[in-house]
Protein chains: 2
Amino acid sequence: MARPRKPLLSRDRIVEAASSLVDSEGLDAVSTRRLAAVLGVSGPSLYNHFRNKDEILDAVADAVSVQVDLSMFEASDARDWREALHDWALSYRAALAAHPHIVPVLARGPGRRPAGLRVADAVFGAMVGAGWPPAQATRIGALMRYFITGSALGSFAGGFVDDESAYDPADYPHLGQAHLLAERGREVDEGAFEVGLRALLDGLALQYEEYARPTETVRRGRKRP
Amino acid sequence: MARPRKPLLSRDRIVEAASSLVDSEGLDAVSTRRLAAVLGVSGPSLYNHFRNKDEILDAVADAVSVQVDLSMFEASDARDWREALHDWALSYRAALAAHPHIVPVLARGPGRRPAGLRVADAVFGAMVGAGWPPAQATRIGALMRYFITGSALGSFAGGFVDDESAYDPADYPHLGQAHLLAERGREVDEGAFEVGLRALLDGLALQYEEYARPTETVRRGRKRP
DNA sequence: ACCTGAACACCGTTCAAGT
DNA sequence: ACCTGAACACCGTTCAAGT
């Protein structure tokens, strides 16, 4: 057919098809040939819209970042930066949990992905607005991303094996019930995420006090809590 | 040559060659054919020692876990669980930083990898020994892994681009100096890791007090801090 | 048991040719 | 500008054959 008068493909259509292929069959199932077949075109056609396959996967990852709710950062002030961070983390995690197979691509940093950058921008802006020094605001965005993407990677891929004989007590003296982790994996992951998130926010709150409160060497009259 | 009287390959030799190939040229550079060529054999020979390529990469990842220092957990007691966790986190991160390209494989959970399990076992055992309830000890091992592997993934792969025009202020109002992050990426990552680790440990210490200290409803005489 | 070459069913990407 | 088929240089894995 050569060139049709109305384009058969668009970046959006390609990303949509790639996303559902990733969701239903995993990252490895996405080949340029299979993806093209789903779209009713031949493999090389994709290269009219994306430079290479990696760019397609980046776009799929970015479509997930778009789903992350950022509204809690709009009215953020010094009083509720912690609550905003908490709600954002839950929304972020939920978005990743809905598309677990693309997480490895997303975990490699915001890079050139526009929506990923928008997320980083929103967190940074809100933390600065709440009184954090810019250098700390940058770090908070990074470390929250470490924890959230790390948990999404660890949860939904690998995991333990549901086979008692796989874990010899002689090798792992404390993991007597490790095989139970297989069935309880999801529960463990959720618990670990909750505990970790709370610890992270509690810890940041302690550091925030150091910044917000004049140090005792400067203001001696102030009593310490 | 068919079968030589002394085997040309061994699992160890294969893992060693694969590791240095991963380190020097990245994950994508490892194909069964290239790996076999480095070892002076033909591609299919590898299948006499590993079931498939994924098992080889798992072994490469596990060789990194072996490098993680666990000695700090041997004499752990209630007083220094926090310090042990801190030192272990630094050692873990250093091991990943030395072999950044294999981190995506390692980040998918301990799965069937023996050394990965040994790490999980040591953390769990030490935390229980320090007074944490078993359910919490499991979660601590998981959440620390989230943070550490997440930071290793985010740091050494992707990242920002050193190009001012890549970040239009209209799109990202707060990321005016985002392109500076490219050159300062490593510094930002280290700072974020330090801040995050401290927050995590501070936060866990607060939670530890809740477990170690009888609640005020039980022991009314005790004053609150 | 452990290695080989041949073979199968795939890949990502380039490119000239078509409209 | 946008699609095509052919082609290039690869893949992971299986398997019969060799010693």
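A quick note: this is a predicted structure, and the numbers were derived from the prediction, not measured.

Rules behind the numbers
Residue numbering note: each chain is counted from 1, following its sequence as written. Here every chain gets a letter starting at A, and every ligand a number starting at 1, in the order they are written. Where totals are concerned, whole chains, interfaces and linings use all residues; where local detail is concerned, this predicted model gives features only for residues with pLDDT of at least 70, and gives and counts side-chain atom pairs only at 80 or more. Side-chain calculation: all heavy atoms of the structure are included, whereas hydrogens and water are not. Axis lines are fitted through C-alpha atoms, for helices just across the contact stretch, and the angle between N-to-C directions can take any value from 0 to 180 degrees. Helix numbering and strand numbering both begin at the N terminus, where a helix is a DSSP run of H or I of at least 4 residues and a strand a DSSP run of E of at least 2. The contact definition used throughout considers only heavy atoms, calling two residues in contact when any of these lie within 4.5 Å. Each residue receives one of three labels: charged for Asp, Glu, Lys and Arg, nonpolar for Ala, Val, Leu, Ile, Met, Phe, Trp, Tyr, Cys and Pro, and polar for the others, Gly being one of them. Residues are counted as near a molecule or strand when any one of their heavy atoms sits within 4 Å of it. In protein, a polar contact requires one atom able to donate a hydrogen and another able to accept it; more generally it is a pair of N or O atoms within 3.5 Å, and residues adjacent in sequence count only if both atoms are side-chain atoms. Here, a salt bridge means any Lys or Arg side-chain nitrogen found within 4 Å of an Asp or Glu carboxyl oxygen. When accessible area is computed with a 1.4 Å probe and restricted to protein chains, residues below 20% of their type maximum are described as buried, those above 50% as exposed, and intermediate ones as partly exposed. Patches here: salt-bridge-free residues with over 30% relative accessible area, like charges joined within 9 Å, nonpolar side chains (Val, Leu, Ile, Met, Phe, Trp, Tyr) joined within 5 Å. Working definition of accessibility: Shrake-Rupley area with a 1.4 Å probe, residue cover restricted to the visible protein chains. Charge counting follows a simple rule: Lys and Arg are positive, Asp and Glu are negative, and His as well as the terminal groups are ignored. To locate a charge, the coordinates of NZ of Lys, CZ of Arg, CG of Asp or CD of Glu are taken. Domain extents, as shown, originate in an automatic or database domain assignment. Put simply, buried area is the surface a 1.4 Å probe can reach on two separate parts but cannot reach once they are joined, added for both. To form a nonpolar core, buried Ala, Val, Leu, Ile, Met, Phe, Trp, Tyr and Cys residues must be joined to one another through side-chain atoms within 4.5 Å. Each pair of aromatic rings taken from Phe, Tyr and Trp, with Trp reduced to its six-membered ring, is defined by centres within 6.5 Å and is described as stacked if the planes are under 30 degrees apart, edge-to-face if over 60, and tilted in the remaining cases. Counted as over-ring charges are cases with an Arg CZ or a Lys NZ within 6 Å of the ring centre that also lie within 35 degrees of the ring normal.

Q: Tell me what's going on with the packing of helix α3 (residues 53-66) of chain A against helix α6 (residues 114-129) of chain A, and back it up with residues and numbers.
A: Residues and elements named next belong to chain A. At their nearest, the axes of α3 and α6 sit 7 Å apart, and the two run at 35° to each other. On α6, the residues that touch Asp62, Ser65 and Val66 of α3 are Pro114, Ala115, Gly116 and Val119. Partitioned by chemical class, the residues of the contact of α3 with α6 number 4 nonpolar, 2 polar and 1 charged.

Q: Give a description of the protein's contact with DNA strand D that names residues and reports values.
A: The immediate surroundings of DNA strand D are formed by 24 residues, with Arg3, Leu8 and Ser45 of chain A together with Arg33 and Tyr47 of chain B found nearest. The sugar and phosphate moieties of DNA strand D supply 53% of its atoms located within 4 Å of the protein. One nitrogen or oxygen atom from the side chain of Ser45 of chain A is found 2.5 Å from a phosphate oxygen belonging to DNA strand D. Within the side chain of Tyr47 of chain B, a nitrogen or oxygen atom sits 2.6 Å from a phosphate oxygen of DNA strand D. No other element matches helix α2 (residues 32-39) of chain B, which puts 3 residues into the surface near DNA strand D. Residue composition of the surface near DNA strand D, grouped by class: 11 nonpolar, 7 polar and 6 charged.

Q: An account of the pattern of salt bridges is requested, with residue identities and associated values reported.
A: All names here are of chain B. All chains considered together, the criterion is met by 12 salt bridges over all chains. Arg51 is the salt-bridge partner of Glu55, the closest N and O atoms lying 3.3 Å from each other. Relative accessible area serves as the criterion here: at 25%, Glu55 is assigned to the partly exposed category. Residue Arg51 is classed as exposed on the basis of its relative accessible area, which comes to 68%.

Q: Which residues make up the side chain of Gln136 of chain A, and what values go with them?
A: Inspection of the secondary structure assignment puts Gln136 of chain A in helix α7 (residues 134-156). Look at Gln136 of chain A and you get buried, because its relative accessible area is 4%. Setting aside anything within four residues of it in sequence, one finds Gln136 of chain A in contact with Gln207 and Tyr211 of chain A together with Val195 of chain B.

Q: Break down a negative patch on the surface for me, citing the residues and quoting the values.
A: A cluster of acidic side chains, namely Asp69, Glu74, Glu83 and Asp87 of chain A, defines a negative patch on the protein surface. Relative to the helices and strands, Glu74 of chain A resides in the loop between α3 and α4 (81-98).

Q: Run through the domain arrangement of chain A, naming residues and quoting values.
A: Residue and element names in this part refer to chain A. Per the domain assignment, the segments of chain A are domain 1 (11-51) and domain 2 (65-221). Residue-level contacts link 4 residues of domain 1 with 5 residues of domain 2. Taken over both partners, the interface formed by domain 1 and domain 2 buries close to 380 Å², and the fraction arising from carbon and sulfur atoms is 64%. Its largest share of buried area at the contact with domain 2, domain 1 owes to Val22, Asp23 and Leu27, together 89% of the area lost on that side. The interface formed by domain 1 and domain 2 holds 0 salt bridges in total. Counting across the domain 1 and domain 2 interface gives 2 residue pairs in polar contact (both at pLDDT 80 or more). Its residues placed into classes, the side of domain 1 that touches domain 2 shows 2 nonpolar, 1 polar and 1 charged.

Q: So, the protein's contact with DNA strand C: which residues are in play, and what are the values?
A: Lining the immediate environment of DNA strand C, one finds 24 residues, of which Arg33 and Tyr47 of chain A together with Arg3, Leu8 and Ser45 of chain B sit closest. Near the protein, within 4 Å, the atoms of DNA strand C are sugar or phosphate in 52% of cases. Interatomic distance of 3.0 Å between a side-chain N/O atom of Ser31 of chain A and a phosphate oxygen of DNA strand C. In the environment of DNA strand C, a base nitrogen lies 2.5 Å from a nitrogen or oxygen atom belonging to the side chain of Arg33 of chain A. Here the surface near DNA strand C takes 3 residues from helix α2 (residues 32-38) of chain A, the largest share from any one element. Across the surface near DNA strand C, the residue classes break down as 11 nonpolar, 7 polar and 6 charged.

Q: Residue-level account of the nonpolar core, with values.
A: Residues Leu85 and Trp88 of chain A together with Leu85 and Trp88 of chain B are the most contacted members of the largest nonpolar core, which totals 127 residues. Among residues more than four places away in sequence, those in contact with Leu85 of chain B are Phe73, Val123, Met127, Ile140, Met144, Leu201 and Leu204 of chain B.

Q: I'd like to hear about the interface of chain B and chain A, residue by residue, with values.
A: By a widely used convention, the size of an interface equals the accessible area lost when the partners come together. At the junction of the two partners, chain B supplies 52 residues and chain A supplies 52 residues. Interface area for chain B against chain A, summed over the two sides, is near 4,600 Å², with a carbon-plus-sulfur share of 68%. By the criterion of area lost to chain A, the three top residues of chain B are Arg108, Asp121 and Tyr146 of chain B, representing 15% of everything that side buries. Put simply, chain B and chain A have 2 salt bridges between them.

Q: Tell me about the packing of aromatic side chains, and name the residues and values.
A: Enumeration over the complete set of coordinates arrives at 16 aromatic pairs over all chains. With a centroid separation of 5.3 Å and an interplanar angle of 15°, the aromatic rings of Phe147 of chain A and Phe193 of chain A are classed as stacked. Of this pair, Phe147 of chain A sits in helix α7 while Phe193 of chain A is found in helix α8 (residues 178-212), placing the two residues 46 residues apart along the sequence. Both residues of the pair, Phe147 of chain A and Phe193 of chain A, belong to the buried class. With 5.2 Å between their ring centres and 45° between their planes, Trp81 of chain B and Tyr208 of chain B make a pair best called tilted. Of the two residues, Trp81 of chain B is situated in helix α4 (residues 81-98) and Tyr208 of chain B in helix α8 (residues 180-212); the sequence distance between them amounts to 127 residues. In this structure, Trp81 of chain B and Tyr208 of chain B share a single accessibility class: buried. Here the guanidinium or amino end of Arg93 of chain A rests over the ring plane of Phe193 of chain A, the centre of that ring lying 4.5 Å away.

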